[in-house]
Amino acid sequence: MSLTRRKTSSSEETKPQTSFVNKFLRGSKLRSSKAESRKESNDLKTTDFQPSDETQKTPTLDTAKPLTSEMELGPRLEKNEQFLQKLGKKAVGKCLDLNNCRLSTADVREMGEALKVIPELEELSLSWNSKVGGNLPLIFQNFQDGCKIQTLELVDCALTSEDGVFVGQLLPMLQSLEVLDLSIKRNIGGSLNSIAQGLKSTSNLKVLKLHSCGLSQKSVKLLDAAFKYLGELRNLDLSCNKELGGGFEDSPAQLATLEYLEVLDLHRCSLTAGDVMSLTQVIPLLSNLQELDLSTNKNMGSSSENLLSRLRFLPALKSLLINNCALERETFTALAEASIHLPALEVFNLSWNKCVGGNLELLLETLKLSMSLQVLRLSSCSLVTEDVALLALVIQTGHLARLRKLDLSYNDSICDTGWALICQNLGLLKELTELDISLRPSTFRDCGQWFRHLLCAVAKLPEITEIGMKRWIVPAPLEEELECFGQDHRSNIHFNHNGFQ
């Protein structure tokens, strides 16, 4: 801010502050048509409103009466466009997205007044605003029964345990709620009892995200008690809660009642052998499951044979992420046999499971039968030349035609012959957009003659844009060929290699 601007601001300190409510509400005023709403949003003007940093004691939840008088409403509907322009945001229809807007405490306080007079609001996102933490009641204290909010996102808002208790009190007011995201809140786990009680009143909830919330073993039991009230739930994310391990051991029976569940994310949850045993009884019953993420649970390696074998009972499964699970040959064999029965599979991530190396033939039938596979990740799987030769043969015989992303990085044991075989057949993957064959950070190698095969294949791929070749060094004789390739073909193809020798 310039010196002149500072002086002007200082000289006007005694003037009345322009209310956040006035600045907020104009764009949210009830209108007779969506066309009128869009017109006003498009007419927003730029301003340089500076909110104050005043604070106020946190109020408790009440059910204040709505403002219905036009005379009361009028003064509140004057300068909303100025505030939203200051934030670089616009109110679009019934949605208000204030993600990462650096809201001040004063903004948070006055937003509560604003929300009282826009009962039509359906989607509200306040994510990545740290001042929301500790002040949540200031925003929602006037919410009433019958509120139309369907989506509430409060990701990384520095919520306190007291805020968590307040959320539990608020949820029964949100009968239309379909999406609730409280992710990245280390202090929320201690108030989960209150939240779980509130969830029992949100029967329309379809998405519940509690990623990285400091959940514990006890948290699983509290949530399990609420699941029987969430019959419409489609998406459940409990990922990155490292203290959660062991919480599923007492057979979370109510999880199995989520018959419409489509997405289950349990990655990085420190699942124990007991958890895996209990989930073996539950996950196969979720017949509508489309996405399952069990990645980075290394205790699964020797205990998940039965669970992985029973994935065959999930015919709708489209995405299976089982990377970095320390799978052993027996568990990998069970997974390979089950994957044959997953015809809808589009994303398959086995990266960082060393047992895949030398055993890729176990997936041969899956790779041949898969008509939908679009993403195949085999990074750091200790693949050997025989593995990529097998993969090249599968491609050569016309399979994997829909593959868009192929990750073979960090497999340094593959010799030049193997890379040549895979590169000679890449041209058949007409929908391929990304290829990664990077080496490990500790390894540097010269590209062999297979690099010419790679250039020839890429020239036949109309969709490809990214080729990861980190730590591969292009020999001087091939430098000119690469430069000519860049001149003769699409310039949007990025070869991410380690330079020329």
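Residues numbered from 1 in each chain as written. Predicted model: local features only at pLDDT ≥ 70, side-chain atom pairs only at ≥ 80, totals over all residues. Heavy atoms only, no water.

With that settled, consider the packing of helix α8 (residues 161-170) against helix α9 (residues 192-199). For the pair α8 and α9, interaxial distance at closest approach is 7 Å and the crossing angle is 15 degrees. One finds that α8 runs roughly parallel with respect to α9. The hand of the α8/α9 crossing is left-handed. The residues of α9 that touch α8, namely those facing Gly 164, Val 165, Val 167, Gly 168 and Gln 169, are Ser 194, Ile 195 and Gly 198. Along the lines of polarity and charge, the residues of the contact of α8 with α9 split into three nonpolar, five polar and no charged. (Axes fitted to C-alpha atoms, helices over the stretch in contact; angles between N-to-C directions. Helix = DSSP H or I, 4+ residues; strand = E, 2+ residues; numbered from the N terminus. Parallel < 35°, antiparallel > 145°, perpendicular 65-115°, else oblique. Left-handed = near helix turned anticlockwise from the far one by under 90°. Contact = heavy atoms within 4.5 Å. Nonpolar A, V, L, I, M, F, W, Y, C, P; charged D, E, K, R; others polar.)

This structure, assessed with the given rule, holds eight salt bridges. Lys 94 is paired through a salt bridge with Glu 122; the nearest N and O atoms lie 3.6 Å apart. A residue pair is termed long-range when its members are at least 10 positions apart, and Lys 94 in the loop between α5 (80-87) and β1 (95-97) and Glu 122 in the loop between α6 (105-116) and β2 (123-125) qualify at 28 residues. Lys 221 is the partner of Asp 250 in a salt bridge, and the nearest nitrogen-oxygen pair spans 3.6 Å. Pair noted here: Asp 250 is in the loop between β6 (235-237) and β7 (263-265) and Lys 221 is in helix α10 (residues 217-227), with a separation of 29 residues, a long-range link. Judged by relative accessible area, Lys 221 falls into the partly exposed class, the value being 40%. (Salt bridge = Lys/Arg side-chain N within 4 Å of Asp/Glu carboxyl O. Buried < 20%, exposed > 50% of the residue type's maximum accessible area, 1.4 Å probe, protein only.)

Our focus in this paragraph is the packing of aromatic side chains. Counted according to the given criterion, the structure contains six aromatic pairs. Judged by centre distance (6.2 Å) and plane angle (40 degrees), the ring pair of Trp 419 and Trp 450 falls under tilted. In this pair, Trp 419 sits in helix α16 (residues 416-425) while Trp 450 sits in helix α17 (residues 450-458), placing the two residues 31 residues apart along the sequence. Neither Trp 419 nor Trp 450 differs from the other in exposure class; each is buried. With centroids separated by 6.3 Å and ring planes inclined at 65 degrees, the aromatic side chains of Phe 451 and Phe 495 adopt a geometry described as edge-to-face. One end of the pair, Phe 451, is in helix α17; the other, Phe 495, is in strand β17 (residues 494-497), with 44 residues separating them in the sequence. We note that Phe 451, like Phe 495, is buried. Three or more aromatic residues joined by ring pairs make a cluster, and in this case those are Trp 419, Trp 450, Phe 451, Trp 472 and Phe 495. (Phe/Tyr/Trp six-rings, centres within 6.5 Å; stacked < 30°, edge-to-face > 60°.)

Before going further, it helps to spend a moment on the side chain of Ser 438. Within the fold, Ser 438 resides in the loop between β13 (434-436) and β14 (445-446). Ignoring any residue separated from it by four or fewer positions in sequence, one finds Ser 438 in contact with Ser 409, Tyr 410, Gly 468, Met 469, Lys 470, Arg 471 and Trp 472.

Within the element layout of this structure, Thr 296 appears in the loop between β8 (291-293) and α12 (305-309). In this structure Thr 296 touches Arg 268, Asn 323, Asn 324 and Cys 325, once residues within four positions along its chain are discounted.

We now examine a positive patch on the surface. There is a patch of like positive charges on the surface, built from Arg 186, Lys 242, Arg 268 and Lys 298. Note on Lys 298: relative accessible area 54%, which makes it exposed. (Patch = residues over 30% accessible without salt bridge, like charges linked within 9 Å, V, L, I, M, F, W, Y side chains within 5 Å. Areas by Shrake-Rupley, 256 points an atom, 1.4 Å probe, with all protein chains shown as cover. Lys, Arg positive; Asp, Glu negative; His and termini not counted. Charge placed at Lys NZ, Arg CZ, Asp CG, Glu CD.)

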